[in-house]
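Residues per chain, in single letters:
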Amino acid sequence: MRDFIKLEGMDSSDLKALISLAESLSEILSRPIKKVPTLRGRAIANVFFEASTRTRNSFELAGKYMSADVINFQASGSSVEKGETLWDTARNLTAMGIDAVVIRHQVSGIPGLLADLLDVPVINAGDGMHEHPTQGLLDLVAAKARKGRLEGLKVAIVGDVLHSRVARSDLWGFQTMGAEVTLVGPPNLLPAELGVAMTSNLEEGIKGCDVIQVLRLQHERQKGGSIPSVREYRALFGITGPRLAQWAPDACVMHPGPQNRGVEIDSDVLDGPQSAVLDQVRYGVAVRMAVLYRLLGGTHDI
Amino acid sequence: MAKAEILDHDGMRRALMRIAHEIVERNHGASDIVLVGIRSRGVPLAHRIQQNIEAIEHVLVPVQILDIGLYRDDWFQRPFNPVESSKITTAINKRVVVLVDDVLFTGRTIRAAMDALSDYGRPQAIQLAVLVDRGHRELPIRADFVGKNLPTARSEKVAVRLEESDGEDQVVLIKPENDDA
Amino acid sequence: MTSNETVGNTRWHIKNVRILDPFTATDAMGDVFIVDGRFAAGPVQGMTVIEGQGLWAVPRMTDIHVHFREPGQEHKEDLLSGSRAAAAGGFTVVAAMPNTSPVIDSAALVAWERNRAREIGLVELWPMGAVTKGSAGQELAELGLMEEAGAMGFSDDGKPVANARMMRSALSYVSMLGHPIVQHAEDLSLSEGTVMHEGAISHQLGLSGAPAAAESVMVWRDVELSILTSGPLHVAHVTAIGSLEALEYAARRGAPVTAEATPHHLLLTDSAVSDWNSSPISKVNPPLRPTTHRAALRQAVASGLVSVIASDHAPHHMDEKAAPFPQAPYGISGLETSVGAVFTALLHSGLMDPLTLLARMTVGPHRALRAHYPGLVQGAAADLTLIDPHASWIVDSRAFYSQGHNTPMDGMQLKGRAVGTMLRGVWTMREGQVLA
């Protein structure tokens, strides 16, 4: 493994190894001194062309917990605004001795193309509507921690799947690990032709589920004509306490954040015993440590 | 390849019992001791020493597990190696930690283990117990408790086999062919 | 081709060649004679003999959809580099789209473009005039005056004539002229913000896709307007099954509607986007479609429902194509791969016979633009292409004569290639070398 771009097409053995590595490394987060010397002397650039707080912080802490030097490059206010192409930005960073590039970009496919261009490992921190593979991986780790397994789990991904990179990474990740995934949402926000089970009936979609991943509803979808109103969306697809109790009392409920409380998910669910959202955040750091260690630890086995 | 048996089952049992006695004697009992086995073969050895100490002192000292993969100083020269988690759940502050490993060779593993331990706390002392000391140290490190001192050539290999992981107890010295050393 | 030819020779004897002339429906082994720019009936003194064994001789290879970018975007292509690309690809006639800067929307610009191409002398260039002034879709351009100056058709290509009332007016108006409206059929409200075909691959790659209906709803509208006005309509680069059904409907109703398909839509599918790792090198409008649409399109070209193959040669600078997908321009540099791609997709697949296939690149385009050419007959202008139908070659876009090296066919193996191009009796390309 040289880069970490997408979960689609990844070998189940590679995925399993990353999951168990992340599980092992999560122990570091509970130590009194949260630092191991593993990536001492390695420099990592977080290159974010799109605003993000959680993912960037998570990558930064993951690097620092492993003793790497981490710099954050924000596109706004940078050379990018002076017309520099992202390819030049990236080449300049590697010329400064950066050992790995973590990139978020609003355009699908950019991290993959960057990986073709650069000699150093490239890690996708989310690209357009394509994938968010570290999020997908952390969702696998969090679900496994709750359910003890991934194989055979019934997983529902609920919401605006069409525009969601998280949904795509989750879909491929859970499928590869032997879970059974159903996409749930309004038909105009579901990716038709993907060959995956889909339903627009929430009850049908989540009944008896082991895992429910609730996606964030982007408010601009209403303006774009995809949903009539936030109120109607909540009425049809909101994950509420009573619905959960009735249809999926054993499900672990996840949300990639940031959450719209009272829209796609209610507070009693989010703060209740079935919620795994804080596990997700916690495992997020471990997963990113695992990916950094997998790509930077050891000589490259290309 | 030529193989020579260095320790058999009984030899190993006696060596580990002797180490247990020495640990108790050196530390005037077993009350403050924490055994820390280094993955992978140091862990079952630590458990055996634990049982031996219990037989001698009627005290069950804790056994903790340490994976030093994240602390190696040569990881960038080696292929990627997955790590397993360490399990250090007992406070080690102000206690005597006895590191347990199968073979002491260059000393680099022990260096890494001491670095790792320091991330968990500040022991009163760290001591080292090994089943075999084969020499060739690259760092100023020595063992406090040694099952068997074994002069070796650098090109030789020492293979430790344990019932828990390998089905039998045996230490073998393997000489490569055409070795003049 | 070996010969004792001399520079300036104007008399040629091509021996033992397979003559494929769709203008006269001829498919026969024979010899071709050229004297002073025209085809001759037999040998005369001083002819240079060329051995044509294994080659095909095809008159008037025509590509009625190219972008030569001059004036205004000469960093992408100009009339010289575009003409060279045409000669290299085996074409003797091209129709150049008017979406230059400024837009070719006046008689003076039409005349200028035509004359400039004649000075270069590598290809016969048919100017296309804009349908509306500045292709802005607001007012009709001076279609009649442009036609007098040599315009062979009218198009706002690059974008559609979106407004139905304007399209109705334009079709009605050209019914009194000789040449058609060439429509880039796209419902912009359906395709806005999209970069590829909407389907399994766009969903997998997370790139926003336009449905095939974004094209076909516009073709249906235009077919209805052609029926309404009796105005001649040529649908550029059709790709969608729904568009083909609209063309069938137009044929049934006897409407004056023709259509073209591009080599890239005939050869490639939307999996090129994933094969190229989401690089915009394969970004083209209309987008590459899945195999179901491609199969229907191939059948439509075979049956003649689509009577024209045209490259939509759209050269761009590689720096522009290196932009992220949404910002990168649409288009594929297609002149130099056209014959190879079409032969690979339609001939060597066994779908079409040579004469029918070559009709789509000769007589089909002439009829679509209401142009006349007698074929490989005595006295006709000697516009001739020698094709090696079995030449297997690997596309190397760096070797293009076009300034545009943008093609997702780069590195592909194609079968079939022009090895000689002659314009009015003068070789413009021999063995891949453009002679000017």
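Parameters at a glance
- The residue count restarts for each chain, going from 1 along the sequence in the order it is written.
- Chains and ligands are labelled sequentially in the order written, the chains with letters from A and the ligands with numbers from 1.
- Confidence filtering applies because this is a predicted model: local features only for residues at pLDDT of at least 70, side-chain atom pairs given and counted only at 80 or more, and all residues used for totals across whole chains, interfaces and linings.
- For helices the rule is a DSSP run of H or I covering at least 4 residues; for strands it is a run of E covering at least 2, with both sets numbered from the N terminus onward.
- Three exposure classes are used, based on other C-beta atoms lying within 10 Å of a residue's own C-beta, which is placed from the backbone: buried for 20 or more, exposed for 12 or fewer, and partly exposed in between.
- Contacts here follow a simple rule: the backbone-placed C-beta atoms of the two residues must lie within 7 Å.
- The classification used treats Ala, Val, Leu, Ile, Met, Phe, Trp, Tyr, Cys and Pro as nonpolar, Asp, Glu, Lys and Arg as charged, and all other residues, Gly among them, as polar.
- For the domain bounds, the source is a domain assignment made automatically or taken from a database.
- Between any two strands, at least two bridges found by DSSP are needed for them to pair.
- Convention used here: a crossover is right-handed provided that the path from the first strand, over the helix, to the second strand proceeds clockwise when the strands point away from the viewer.
- In predicted models, pLDDT denotes the confidence assigned by the predictor to each residue on a 0 to 100 scale.
- For helices, the fitted line uses only the C-alpha atoms of the stretch in contact; every axis is such a line through C-alpha atoms, and the angle between N-to-C directions lies from 0 to 180 degrees.
- Working definition: roughly parallel below 35 degrees, roughly antiparallel above 145 degrees, roughly perpendicular at 65 to 115 degrees, and oblique for all remaining angles.
- In this scheme the handedness of a crossing depends on how the near helix is turned from the far one: anticlockwise by less than a right angle means left-handed, clockwise means right-handed.

Observations regarding unusual backbone geometry
Excluding glycine, residues mostly carry a negative phi; peptide bonds, for their part, are mostly trans.
Residues and elements named next belong to chain C.
For step 1, the next point in the chain: Following serine 101, the chain continues into proline 102 via a peptide bond in cis, with omega recorded as 5°.
For step 2, the next point in the chain: Among the secondary structure elements, proline 102 is positioned in the loop between β7 (93–96) and α2 (107–120).
For step 3, the next point in the chain: Phi is positive for histidine 237, which is not a glycine, with a value near 30°.
For step 4, the next point in the chain: Within the secondary structure, histidine 237 sits in the loop between β12 (233–235) and α8 (241–252).
For step 5, the next point in the chain: Overall, the presence of 25 C-beta atoms within 10 Å leaves histidine 237 in the buried class.
For step 6, the next point in the chain: The phi dihedral of arginine 424 falls on the positive side, at around 45°, and the residue is not glycine.
For step 7, the next point in the chain: Mapped onto the elements of the fold, arginine 424 is located in the loop between β16 (413–423) and β17 (426–430).

Thoughts on the interface of chain A and chain C
For step 1, the next point in the chain: If you look at the interface, chain A gives 20 residues, while chain C gives 14 residues.
For step 2, the next point in the chain: Contributions of two or more residues to the side of chain A that touches chain C are made by α4 (110–117) and α6 (165–176) of chain A.
For step 3, the next point in the chain: Residue contributions to the side of chain A that touches chain C peak at 4 residues, all from α4(A).
For step 4, the next point in the chain: A per-class count over the side of chain A that touches chain C returns 7 nonpolar, 7 polar and 6 charged.

Quick word on the arrangement of the chains
For step 1, the next point in the chain: The structure contains 2 pairs of chains in contact, of which chains A and C account for the largest number of contacts.
For step 2, the next point in the chain: In this structure chain B stays clear of chain C, and the shortest span between their C-alpha atoms is 27 Å.

A few points about the environment of C:Ser274
Residue and element names in this part refer to chain C.
For step 1, the next point in the chain: Tracing the sequence through the fold places serine 274 in helix α10 (residues 271–275).
For step 2, the next point in the chain: As for serine 274 and isoleucine 201, which are separated by 73 residues in sequence, their C-alpha atoms are 7.3 Å apart.
For step 3, the next point in the chain: When sequence neighbours within four positions are dropped, the list of residues in contact with serine 274 reads Ile201 and Leu205.

Observations concerning the domain arrangement of chain C
All names here are of chain C.
For step 1, the next point in the chain: One can read the domain layout of chain C as domain 1 (11–57 + 379–434) and domain 2 (60–368).
For step 2, the next point in the chain: Computed over C-alpha atoms, the centres of domain 1 and domain 2 are 25 Å apart.
For step 3, the next point in the chain: Taken together, the contacts link 32 residues of domain 1 with 45 residues of domain 2.
For step 4, the next point in the chain: Counting residues per element, the ones that place at least two in the side of domain 1 that touches domain 2 are β15 (384–394), β16 and β17.
For step 5, the next point in the chain: The element contributing the most residues to the side of domain 1 that touches domain 2 is β16, with 7 residues.
For step 6, the next point in the chain: Residues of the side of domain 1 that touches domain 2, tallied by class, amount to 17 nonpolar, 11 polar and 4 charged.

So, the pairing of strand β2 (residues 69–74) of chain A
Residues and elements named next belong to chain A.
For step 1, the next point in the chain: Judged from the 6 bridges that link them, strand β1 (residues 43–48) and β2 form a sheet pairing that is parallel. What sits directly across from asparagine 46, in β2, is asparagine 72.
For step 2, the next point in the chain: Since β1 and β2 lie parallel, the crossover through helix α2 (residues 54–65) that links them has a hand, and here it is right-handed.

Some details on the environment of A:Asp127
For step 1, the next point in the chain: Here A:Asp127 lies in strand β4 (residues 122–127).
For step 2, the next point in the chain: Distance from A:Asp127 to A:Arg31, taken between C-alpha atoms, is 33 Å for residues 96 residues apart in sequence.

So, the confidence of the model for chain C
Residues and elements named next belong to chain C.
For step 1, the next point in the chain: Across chain C, pLDDT averages 96, with 98% of residues at or above 70.
For step 2, the next point in the chain: Within the model, pLDDT remains below 50 along residues 1–7, and this stretch shows 11 contacts once partners closer than five positions in the same chain are excluded.
For step 3, the next point in the chain: Interface confidence for the predicted complex, given as ipTM, is 0.89, next to a pTM of 0.89.

Let's talk about the sheet that holds β12(C)
Residue and element names in this part refer to chain C.
For step 1, the next point in the chain: Pairing is parallel in the open sheet, where 4 strands are placed in the order β9-β12-β13-β14. The sheet is open, and its two edges are formed by β9 (181–183) and β14 (308–309), each paired on a single side.
For step 2, the next point in the chain: Judged from the 3 bridges that link them, β12 and strand β13 (residues 257–261) form a sheet pairing that is parallel. Each bridged residue has a counterpart across the sheet, and for valine 235 the counterpart in β13 is alanine 259.

Considerations on the packing of α2(A) against helix α12 (residues 277–296) of chain A
Residues and elements named next belong to chain A.
For step 1, the next point in the chain: Two numbers describe how α2 lies on α12: the axes approach to 8 Å, and their chain directions differ by 60°. On the basis of the axis angle, α2 is oblique to α12. You can see that α2 and α12 cross each other, and the crossing is right-handed. Between α2 and α12, the contacting residues are Ser58, Phe59, Leu61, Ala62, Gly63 and Tyr65 on the first element and Gly284, Val285, Arg288, Met289 and Leu292 on the second.

Considering the confidence of the model for chain B
For step 1, the next point in the chain: Model confidence for chain B is summarised by a mean pLDDT of 91, while 95% of its residues fall at 70 or above.
For step 2, the next point in the chain: Predicted confidence in chain B is weakest over strand β1 (residues 2–7) of chain B, with a mean pLDDT of 90, and strongest over strand β5 (residues 125–133) of chain B, with 97.

Section: the sheet that holds strand β8 (residues 211–214) of chain A
Residue and element names in this part refer to chain A.
For step 1, the next point in the chain: In space, the 5 strands of this open sheet follow the order β7-β6-β5-β8-β9, with parallel pairing throughout. The open sheet has two edge strands, β7 (197–199) and β9 (252–254), and neither has a second partner. Here the strands of the sheet are splayed against their neighbours by 20° on average, with no regard to which way each runs.
For step 2, the next point in the chain: As defined by bridge partners, strand β5 (residues 154–158) adjoins strand β6 (residues 180–184) across 5 bridges and the pair is classed as parallel. Counterpart to isoleucine 157 in the pairing with β6 is leucine 183.

Here's the deal with the pairing of strand β2 (residues 33–38) of chain B
All names here are of chain B.
For step 1, the next point in the chain: Counting buried positions over the 6 residues of β2 gives 6, a clear majority of the element.
For step 2, the next point in the chain: Along β2, one buried face is formed by Ile33, Leu35 and Gly37 and the opposite face, lined by Val34, Val36 and Ile38, is buried too.
For step 3, the next point in the chain: Bridge count for β2 against strand β3 (residues 63–66) is 4 bridges, and the pairing is parallel. Opposite isoleucine 38, over in β3, you have leucine 66 as the bridge partner.
For step 4, the next point in the chain: For the handedness criterion, the β-α-β arrangement of β2, helix α2 (residues 42–57) and β3 is classed as right-handed.

With respect to the packing of helix α1 (residues 79–89) of chain C against α2(C)
Residue and element names in this part refer to chain C.
For step 1, the next point in the chain: Where α1 contacts α2, the axes come no closer than 10 Å and their chain directions differ by 60°. It follows from the interaxial angle that α1 and α2 lie oblique. The handedness of the crossing between α1 and α2 is right-handed. Contacts from Leu79, Leu80 and Ser83 of α1 reach α2 at Arg116, Ala117 and Ile120.

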